[in-house]
Amino acid sequence: MKLEKKNSNIKIGDILRRTRKSLGYTQEDVAEMLDLAPRYVSDIERNKTKGSIDTLVKLCNIYHITPTYVLQDYLDLKNEFKIDPNLVGYYKLSNRDKEIISELIKHMNTKK
């Protein structure tokens, strides 16, 4: 079986930046959690460096995401299995805010 070659130039910076912002973290916050320089976090987010696998795993743990989430644009996934980076911040919301969002989703789905 021959694998179809997608884009071999993997750029994960944008999804990491949007995820960081949706969680309300600054680059300085993340750099401190990683024990790295803020410039390094900036370089990753601007795709100037890919970082190491160790750094990717640490970022995934900080953001409570999976490597699959970060790499979803480069994997053969159906669109319904892809996650919007803006939704990652949902998990930091209060229970009341989560209930409001759940009710809104139910309402929107019944309108169809």
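What this report covers is the structure whose coordinates are included nearby. The model shown is predicted, which means the values in this text are computed figures rather than measured ones.

## Considering unusual backbone geometry
Glycine aside, negative phi is the norm for most residues, and most peptide bonds take the trans geometry.
Alright, step 1. Although it is not a glycine, Asn-47 sits at a positive phi angle of roughly 60°.
Alright, step 2. Among the secondary structure elements, Asn-47 is positioned in the loop between helix H3 (38–45) and helix H4 (53–63).
Alright, step 3. Among the residues examined, Asn-47 registers a relative accessible area of 33% and is labelled partly exposed.
Alright, step 4. Phi angles above zero are rare outside glycine, and His-64 is one such case at about 55°.
Alright, step 5. Here His-64 shows up in the loop between H4 and helix H5 (67–71).

## Digging into the pattern of salt bridges
Alright, step 1. If you walk through the whole model with that rule in mind, you get 7 salt bridges.
Alright, step 2. A salt bridge links Arg-17 to Asp-14; the shortest N-O distance between them is 2.2 Å. Here Asp-14 and Arg-17 lie together in helix H1 (residues 13–22), a separation of 3 residues that amounts to about one turn.
Alright, step 3. Under the relative-accessibility criterion, Arg-17 is labelled partly exposed at 27%.

## Details of a nonpolar patch on the surface
Alright, step 1. There is a patch of nonpolar side chains on the surface, built from Leu-93, Ile-101 and Ile-105 and spanning about 220 Å² of accessible area.
Alright, step 2. In this fold, Leu-93 is placed in the loop between H5 and helix H6 (95–110).
Alright, step 3. Here Leu-93 falls in the partly exposed class, since its relative accessible area comes to 31%.

## Some points on the environment of Pro-38
Alright, step 1. Inspection of the secondary structure assignment puts Pro-38 in helix H3.
Alright, step 2. For Pro-38, a relative accessible area of 35% gives the class partly exposed.
Alright, step 3. Expressed as a C-alpha distance, the spacing of Pro-38 and Gln-27, which sit 11 residues apart in the sequence, is 5.8 Å.

What counts as what
- Residues numbered from 1 in each chain as written.
- Predicted model: local features only at pLDDT ≥ 70, side-chain atom pairs only at ≥ 80, totals over all residues.
- Heavy atoms only, no water.
- Helix = DSSP H or I, 4+ residues; strand = E, 2+ residues; numbered from the N terminus.
- Buried < 20%, exposed > 50% of the residue type's maximum accessible area, 1.4 Å probe, protein only.
- Salt bridge = Lys/Arg side-chain N within 4 Å of Asp/Glu carboxyl O.
- Patch = residues over 30% accessible without salt bridge, like charges linked within 9 Å, V, L, I, M, F, W, Y side chains within 5 Å.
- Areas by Shrake-Rupley, 256 points an atom, 1.4 Å probe, with all protein chains shown as cover.

Just distances and angles here, no functional claims.
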